[in-house]
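Observations on chain architecture
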Amino acid sequence: MDFESNYDIAATSDFIRTHNFTRVALQFPDDLLKDSTRVVAVLRKRLQSLRESDITVSGEETEIGLYVMADTAYGSCCVDEVGASHINADCVIHYGHTCFSPTTALPAFFVFGKASIGIADCVESMSQYALTNSKPIMVLFGLEYAHSTQQIRKELLESSTCKSDLKSEVHFADVPSPYMFPSKDMKKLSGIQEEACGCGNNSSSDEANGIIYNIGGLTWKLPEGQSMEDYSLFWIGQDNSAFANVVLTFNACEIVRYDATKNQMVTDLSQQRRILKRRYYLVERAKDANIVGILVGTLGVAGYLHIINQMMELITAAGKKAYTLVMGKPNPAKLANFPECDVFLYVSCAQTALLDSKEYLAPVITPFEATIAFNRGSQWTGAYVMGFGDLINLPQVQAGNQEEARFSFIRGGYVEDFENQAENVEEEREDLALANATEKALQLRDNCNTLIKGDAKSGAEFFANRTYQGLNMPEENTTPQPFVTGRKGRAAVYEDENNKH
Amino acid sequence: MVKFTADELRRIMDYKHNIRNMSVIAHVDHGKSTLTDSLVAAAGIIAQEVAGDVRMTDTRADEAERGITIKSTGISLYYEMSDESLKSYKGERNGNEYLINLIDSPGHVDFSSEVTAALRITDGALVVVDCVEGVCVQTETVLRQALGERIRPVLTVNKMDRCFLELQVDGEEAYQTFQRVIENANVIMATYEDPLLGDVQVYPEKGTVAFSAGLHGWAFTLTNFAKMYASKFGVDESKMMERLWGENFFDPATKKWTTKNTGSATCKRGFVQFCYEPIKQVINTCMNDQKDKLWPMLTKLGCSLKSEEKDLMGKPLMKRVMQTWLPASSALLEMMIFHLPSPSTAQRYRVENLYEGPLDDQYANAIRNCDPEGPLMLYVSKMIPANDKGRFFAFGRVFAGKVSTGLKVRIMGPNYVPGEKKDLYVKSVQRTVIWMGKRQETVEDVPCGNTVAMVGLDQFITKNATLTNEKEVDAHPIRAMKFSVSPVVRVAVQCKVASDLPKLVEGLKRLAKSDPMVVCTIEESGEHIVAGAGELHLEICLKDLQDDFMGGAEIIKSDPVVSFRETVLERSCRTVMSKSPNKHNRLYMEARPLEDGLAEAIDEGTIGPRDDPKNRSKILSEQYGWDKDLAKKIWCFGPETTGPNMVVDMCKGVQYLNEIKDSVVAGFQWASKEGALSEENMRGICFEVCDVVLHTDAIHRGGGQIIPTARRVFYASQLTAKPRLLEPVYMVEIQAPEQALGGIYSVLNQKRGHVFEELQRPGTPLYNIKAYLPVIESFGFSSQLRAATSGQAFPQCVFDHWDMMSSDPLEAGSQAATLVTDIRKRKGLKEQMTPLSEFEDKL
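Residues numbered from 1 in each chain as written. Chains lettered and ligands numbered in written order. Predicted model: local features only at pLDDT ≥ 70, side-chain atom pairs only at ≥ 80, totals over all residues. Heavy atoms only, no water.

1. Some words on the interface of chain A and chain B
Listed as interface residues are 52 residues of chain A and, on the opposing side, 68 residues of chain B. Across the contact surface, chain A and chain B share six salt bridges. Among the ionic pairs, Glu524 of chain B bridges to Arg278 of chain A, the shortest N-O distance being 2.9 Å. Where chain A meets chain B, there are seven residue pairs in polar contact (both at pLDDT 80 or more). Considering only residue class, the side of chain A that touches chain B consists of 23 nonpolar, eleven polar and 18 charged. (Contact = heavy atoms within 4.5 Å. Salt bridge = Lys/Arg side-chain N within 4 Å of Asp/Glu carboxyl O. Polar contact = N/O pair within 3.5 Å; in protein donor to acceptor, adjacent residues only side chain to side chain. Nonpolar A, V, L, I, M, F, W, Y, C, P; charged D, E, K, R; others polar.)

Right under this line is the structure:
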C-alpha cells in the first residue's frame, strides 16, 4: 500500500498546521519503529511544502520540531504523555494500534495504519453469517481496518440487494475523529468522552433517543429499548487485546471473528470465553488477599490518579493493606520482588489491563475486578467494565450483609478479614493487653519456613517472618571503619572479578 | 400418643448420670434405622405396631425412597426403668428416669463423614451386625473410628428373624454363626486396647451383646433369659448367664450341666437349649397359627396379648407376640444403660482426646468433671438444614457448662489459633433446641453432657467449631475431627443461565455447610468444583444443591473428574541448571522419589514441618535410611508447607545461600502445587539443591530473580527424573454369593481392578472379595456390577492409596500422555507440555 496514505501523512500535517503545533512527538510502537525515519522525512517535506504555500499569508513561521519516541514505559497503545513532556511537546502523533484512552494533558492524533483486507471475501462471509443468524448484526473492527469499512458497507449493500434475502440487518460501528483533546475535569469526563472519544464501554441515553456505546475508539448507537444482547457481534480483525476487551465487555452477546489476514471466519471462541471464567477465579483469589500491590501502569490515561486513590480507599476499607508500586511494564521477575503481595491490582488502560498472570507468582487483576472483590456483598453478575470513566461512575454498592462471615471458595470455608474481626471481638482490657503482648513475645516461633502466602497482614510482618533477616550488625568493633573504594564496571562482570561467568 | 414432653426431657438433662449419648453404627443395610425405630417406639413417639417400617430417623424424602440413611439424625429419648430392673445396676444414678440421646448414622461408606460427626458427640456406640453377613468392611471402619474416639461399644447381632424364617438353621449352627460374628468384632476391638477405656471387647455372658430382629421389633440379651431361669433353677443370675453362652451343655434327661457335649442326643448347648429353641418354638407356633398351643405357652412365659391382637394371623401375630415377650427397646435400653458410660464417666477419659489445650487448665477440668457450672465448652460437629430455607441448626454436644438462649458465645473455627483473631467470632445464640427425630423442641438452656441444636450461628460456622463463653479468651478449641474418607471425586458445576451465578455461589456455600465432607472450591480456570467421597455422595450433594440450596435453578455438571498427582520414578538423569532472568544466578538441582512410605508418613503428620528437627532426623535416619545430618537440612515441605514433597539442601559452602532460601521455598510452594506435567499437585518428590551460584550484589539475587528461576529448575529436575502420574485407587469390598463371582471378576477386569483377597464367610455361601479399583474407573461401577450379577453384589469403595501409572507421560501416545493432554485441555492450558528446554538452561 502507498506509504503516505498508510501513514496518513496528509491528515497528520493538516492537523499540525491547523493547530499550530511547533513541537510534535511521534510515538511509534516497536514493530513500526523501522519506518520512523521515513515517516519523519516525508512528514517534514510535506509540512515544508504546506508552509511554503502558507507563507505568503502569514509571513513568518518557526520551524516545526518532529521527535520520534520509542520504547514507551507502559503499553504502546496508550499515548505516552510523560515521554512527550520530556521534550516539551505540545502534541503527540500516535502510530499503530491504540486503545483510545483519553489523555490528561496533551492533544493527540492517531494514525491507525491501513491493513489490507480482502473485501469481497469479507463481505461474502458477512452475508453468509447474516443468512444464518436471526439477530441483527453489529459489525465492529480493529482500527487498522477502519479505512475499508466504507467500502465493505457499500459492497454488502450491493450484494444484499441482489440477494435480498438477508434475514437480519447489518449495522456498522463508526470511527470517531482520529484526534483527541484532553479533558481536565473528571466530572465532565464521561460526558465529553461520549462526544469526542471512547474509553471502555460508556453508554448513556442522549437527546436522539438511543444509547451510545463506546469501546476502544468505536462508537455506535442503538435505538431506544434495545440492548447489546439483542445483537450479534461481527468482529473484523486480529485476536488481540482490543478483541478480548470486546468479548469481555459484551460477554452476553454471540460473537464471531473474521480474520482478515487468513481470510476466514472464526466461530469457536471458547478460548475467549475461558478468559472470563479465569477472571472470575482471580476475583475469588483476590478476596482472600491480605496485601494488595497497586501497580501504576499508566501515567497518561485520564483519571488514573483518581482511580488509584479510589482503589486505596476501597482496599483499606476492606481491611487489607495496599502498597503502590510504579515499575513500568510488569513482568514476572519484577513482581516476584514483592512476594509479600498476595495480589496485584494493575491500573492501566483498558487494553493492557488484562494480564494473563499464569506466569506470575501472584495474580494481577483490574480495578473493576478489585471493586467486586473488595466490596463486601457485591457479586459478579456477568457485566464487565474496563475503563476508568465507567468505574468512577459505577454506583457504590451498598455494604452487603455484614452479619455473615465471608465464604472463600479458594479455601472452601468461612474466613474473616482481619479488620472486621477486630470489631467482632471485644477489645481486650488495657491491663490485659500488656500481659498478652509479653506472652506473645515469649511464644516459641516456629522457625520453619513461614513463607506461607496470605498469612502476613502487612509487609513488615512478612519480613519479620522471613528466615533471612539481613546482615547481622557486628556486635563488637563499632569504631568507624576507613572507607574503601567500591567496585567498578557492569553488574555482569565487575572489574575486580575475573570473567568466569 | 407422645409419652413425654420437652419439659420432662429438660429436667433429666441435669442428671448427668442418667444420660447416655450413643450412636448406632453399622455396615450399610444391617438394619440401624430399623432398629432405632424400635427404640423410638418405646419412647412413645411412633406406634409400636408400625415400628420397623417408619424409619423415624430417615427424615429426608430421598432417604425414604432409596431405603438408605444419608444424614445422621439425632433423637432424644426419655425412658423410665423399673426399680427391679435397676436393682443390679452398680453405678451412680439419680432416680429411674433416663435420657438417651441417640444418633442414627448412615452405613454407606460414602457418608462415613456423617458417622465421624456422630461419634464425636456420643460416648457409646451400638454396633449393629447382620447375623448372616457378619462383620463387613464398614463395620470395621466405624468400629476403628469409634475406638479411636474412645467410644465404648456394645454389639447387637441383628436380623435374627432371618435365622428362623429364611435360613431355618438349627440351634448349634446358629450359635456358631453368632459366636463367629462376635469373635470377629472382638478381634478388631482387641487391637485398640486402651488402658483408660479398659476392656472394650464384648461378651454375651456379660450382657454386652444383644440379639435382635429390628424388623420385628424384638431383641434379647442373655440377662433376659438368665433372669427367667435363675429362679427356676435356683441359681444366681450371673451364674446362669455364664451358663447360657460358651462351652456349657445341658442334658434335660440327666438335668446336668457339663462343659463338653456328652454326645447324648438330648445334650445341648445352654444357649441353644434355653434361648434359641424356645424362641424358635414360639415363632413356629405363631407362623403355623397353632393358637391352641400358643396361648398356654405365652402364659408360661408371662406375657399376655390384648384381645384384638389375638385375632392376628401368621407373621403379624408372630411380630406382636415377640414384641410383647421380648421387646427390643427394653433389652437394648437396658444394655445401654448398664454398659454404656454416662457423660460424666466418659468425659473423664475422653478429655485427653478432645481438648487441644493443656490438660490441667480450667477448661480441661470442666470437661473432665462434666461440670455444669464450669465454662462452656461445646463442640459443633455438623450443620443441619432447617425448614427455613437456607438456614442451619448448629448441632453439637455440650461438654462443660451450659448453653442457653441468648447467650453470647465465642466461636472458634477450625483454623483458630489461640491468642490470635483468625477464625474467631463472638455472636449470640438465638435459640437452643433439642432434636426429636422429625420434631424439634425449644428449650431454655441445655447443660453439659447433652446434644443440642442452636439457631443463629450458621453464618459463622462452615462445618464445625468449638463454642465457649464470650469471656473465656484463653480457652483452646476442641480437637478437629479426623475423617476416614477423603473427597477424591470431583465435578465441575455451572449454572445453565449465566445470571444465576449468584444463586450458585450462595448454593455452594450452603452445600459446604450441610455436609461434613463435601468441599466446594474454585479451579484456576474459574470452574466451581464440588468434591465428595464417592459417586453416590456427589449425586446426593448435587441434588441438594439444585433442589434445596438453589431453589431449583438448573445446573450443568461435568463428568466426574479425578485429581491426579505427579511424581518421579528415579533420580534425575543429570543435574539440571536454570539461570535467573538476569543470567547472573544459577541453581543446580536434582529430583528423586521419596522413600517408600515417607509420603504417607508426611500425610499422616508423623513427619512434618513442625517437628523438632532432632526427632525428625531420628525417624528419617532410622526408618528411611537417611543420613543423619542430611535430615537436618530439609528446607521445607510442600505444597501448602505441609505436603508430601520436600527440598533438601545438599550444597557445600555456598555463599549467601541463606539469603535465597525464602525465595527458593516460595518457588517450591508454587511449583509443587502445579507440577510440570499437568499442573496437578506433586507427591513424593524430594528435590536436592546441588549447587548454587549467586551474584555478589544482593539486589541482583532478590526474590524477583530467584523465585521464577527456582520454579523453573524444579520443573526441569522433575522432567529429567522420569515423571509419572499417580492415580487414586479405591479399595472395594464386595459381598456376594458364589454364583455372582464370575460377574464380579469380569466387571473388575474391564475396569482395570484387581482382586487381592477372596474369602468365603464360614458357614455361609457368601464370599467376601477385596479388590483395588482405580477411582477413574469407578464411575458407573456399582450399576454395572449390579447388572452383571443380577443385583446380588453391592460394592463399597473407600479411597485407599495413590498408585503410579506405569506408562510414560512424556512418550507421545501413551495412556499417561493422553491423560495429561486431557487434563491440560480441561484446565485450559496449552495442550502441549512445556518442553524441558524452556526450564533448563545451558552454561
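2. Considerations on the side chain of Glu114 of chain B
All names here are of chain B. On the secondary structure map, Glu114 appears in helix H4 (residues 112-120). Given a relative accessible area of 1%, Glu114 falls into the buried group. Among all residues touching Glu114, those that are not within four sequence positions of it are Ile70, Lys71, Ser72, Pro106, Lys382, Asp515 and Pro516. (Helix = DSSP H or I, 4+ residues; strand = E, 2+ residues; numbered from the N terminus. Buried < 20%, exposed > 50% of the residue type's maximum accessible area, 1.4 Å probe, protein only.)

3. What to know about the packing of aromatic side chains
One pass over the structure, following the stated rule, counts 31 aromatic pairs over all chains. Measuring from ring centre to ring centre gives 5.7 Å for Phe15 of chain A and Phe21 of chain A, while their planes differ by 45 degrees; the resulting arrangement is tilted. Relative accessible area serves as the criterion here: at 9%, Phe21 of chain A is assigned to the buried category. Geometrically, the ring pair formed by Phe250 of chain B and Trp257 of chain B is tilted, given 5.1 Å between the ring centres and 50 degrees between the ring planes. Three or more aromatic residues joined by ring pairs make a cluster, and in this case those are Tyr175, Phe178, Phe211, Phe220, Phe225, Tyr229, Trp245, Phe250, Trp257, Phe271, Phe274 and Trp325 of chain B. Lying over the aromatic face of Tyr379 of chain B, Arg120 of chain B brings its terminal NZ or CZ to 4.9 Å of the ring centre. Residue placement shows Arg701 of chain B over the ring face of Tyr656 of chain B; its charged tip is 3.6 Å from the ring centre. (Phe/Tyr/Trp six-rings, centres within 6.5 Å; stacked < 30°, edge-to-face > 60°. Lys NZ or Arg CZ within 6 Å of the ring centre and 35° of its normal.)

4. Some thoughts on the environment of Arg586 of chain B
Residue and element names in this part refer to chain B. Within the element layout of this structure, Arg586 appears in strand E28 (residues 586-593). Here the alpha-carbon distance between Arg586 and Thr5, two residues 581 residues apart in the chain, equals 77 Å. At 3.3 Å, the side chain of Arg586 and the side chain of Tyr588 are in polar contact.

5. Description of unusual backbone geometry
Residues and elements named next belong to chain B. Following Gly638, the chain continues to Pro639 via a peptide bond in cis, the omega torsion being 0 degrees. With respect to the helices and strands, the residue Pro639 is situated in the loop between strand E29 (634-638) and strand E30 (645-649). One non-glycine residue, Asp29, adopts positive backbone phi at about 70 degrees. One can find Asp29 in the loop between strand E1 (19-26) and helix H2 (32-42). Since its relative accessible area comes to 54%, Asp29 is described here as exposed.

6. A look at the confidence of the model for chain B
Scored by pLDDT, chain B comes out at a mean of 84, with 97% of its residues at no less than 70. For this predicted complex, the interface score ipTM comes out at 0.79, while the overall pTM is 0.80. (pLDDT = per-residue confidence, 0-100.)

7. Some words on the nonpolar core
Phe374 of chain A together with Met454 of chain B are the most contacted members of the largest nonpolar core, which totals 150 residues. The element that contributes the greatest number of residues to this core is helix H22 (residues 703-720) of chain B, accounting for seven residues. What Phe374 of chain A contacts, discounting residues up to four positions off in sequence, is Ala286, Val292, Leu314, Ile315, Ala318, Lys320 and Val343 of chain A. (Core = buried A, V, L, I, M, F, W, Y, C linked by side-chain atoms within 4.5 Å.)

8. Here's the deal with the sheet that holds E28 of chain B
Residues and elements named next belong to chain B. One open sheet holds the five strands; their spatial order is E27-E28-E32-E30-E29, and the pairing between them is mixed. Each edge of the open sheet carries a strand with a single partner, namely strand E27 (576-579) and E29. Taking each pair of neighbouring strands and ignoring which way they run, the sheet shows an average axis angle of 25 degrees. Where E29 and E30 come together, four bridges link them in antiparallel fashion. By the bridge assignment, Gly638 is partnered in E30 with Asn645. Across the sheet, H22 lies against E27, E28, E30 and strand E32 (685-693), angled at about 155 degrees from E27, the strand it touches most. (Pairing = 2+ DSSP bridges. Axes fitted to C-alpha atoms, helices over the stretch in contact; angles between N-to-C directions.)

9. Section: the sheet that holds strand E8 (residues 249-251) of chain B
Residue and element names in this part refer to chain B. With antiparallel pairing, the three strands of this open sheet are ordered in space as E9-E8-E10. The sheet is open, and its two borders are formed by strand E9 (256-258) and strand E10 (268-269), each paired with just one other strand. Bridge analysis of E8 against E9 gives three bridges, and the strand direction is antiparallel. Residue pairing in the sheet places Phe249 in a bridge with Thr258 of E9.

10. Details of a positive patch on the surface
Residues Lys614, Lys618, Lys628 and Lys632 of chain B make up a contiguous surface patch of positive charge. Following the sequence through the fold, Lys614 of chain B ends up in helix H19 (residues 613-623). (Patch = residues over 30% accessible without salt bridge, like charges linked within 9 Å, V, L, I, M, F, W, Y side chains within 5 Å. Areas by Shrake-Rupley, 256 points an atom, 1.4 Å probe, with all protein chains shown as cover. Lys, Arg positive; Asp, Glu negative; His and termini not counted. Charge placed at Lys NZ, Arg CZ, Asp CG, Glu CD.)

11. Quick look at helix H10 (residues 270-287) of chain B
All names here are of chain B. The first and last C-alpha atoms of H10 sit 25 Å apart over 18 residues, in line with the 26 Å expected at 1.5 Å per residue. The axis of H10 is deflected most strongly, by about 35 degrees, at Tyr276, and proline Pro278 appears within four residues downstream. Most of H10 sits inside the fold, with 13 of its 18 residues counted as buried. Trailing H10 by a residue or two, Asp289 shows a phi angle of about 55 degrees, which is positive. (Expected span 1.5 Å × (residues − 1). Bend = angle between axes of the 7 residues up to and from the residue.)

12. Side note on empty space enclosed by the protein
As enumerated under the stated definition, the model contains eleven cavities of 30 Å³ or more in all. Space inside the largest cavity adds up to approximately 90 Å³. Partitioned by chemical class, the residues of the lining of the largest cavity number five nonpolar, four polar and three charged. (1 Å grid on protein atoms, 1.4 Å probe; cavity = no way out; pocket = protein on both sides within 12 Å on 5 of 7 lines; lining within 4 Å. Points joined across faces, edges and corners; volume = space filled by probe spheres on them.)

13. Brief notes about helix H8 (residues 222-233) of chain B
Residues and elements named next belong to chain B. With twelve residues, H8 should cover 16 Å at 1.5 Å per step; its first-to-last C-alpha distance of 15 Å lies within 8% of that length. Those residues of H8 that sit buried are Leu222, Thr223, Phe225, Ala226, Tyr229 and Ala230. With its buried residues spanning 150 degrees around the axis, H8 presents them on a single face. Exposed residues pointing more than 90 degrees away from the buried face of H8 are listed as Ser231 and Lys232. Buried-residue contacts for H8 involve strand E6 (209-213), strand E7 (218-221), helix H9 (237-243), H10, helix H12 (314-325) and helix H13 (328-339). Gly234 lies just past H8 and shows a positive phi near 70 degrees. (Arc of directions from axis to C-beta.)

14. What about the pattern of salt bridges?
Residues and elements named next belong to chain B. Counted under the stated rule, the structure contains 49 salt bridges over all chains. A salt bridge links Glu140 to Arg144; its shortest N-O distance comes to 3.3 Å. Of this pair, Glu140 and Arg144 both sit in helix H5 (residues 137-148), four residues apart, which is roughly one turn of the helix. On the accessibility criterion, Glu140 (24% relative accessible area) is partly exposed. Residue class for Arg144 comes out partly exposed when judged on its relative accessible area of 36%. A salt bridge links Lys227 to Glu334; the nearest nitrogen and oxygen atoms lie 3.7 Å apart. Here Lys227 is found in helix H8, whereas its partner Glu334 is found in helix H13, with 107 residues between them in sequence. Residue classification places Lys227 among the partly exposed residues on the basis of a relative accessible area of 32%. You can call Glu334 buried: its relative accessible area is 14%.

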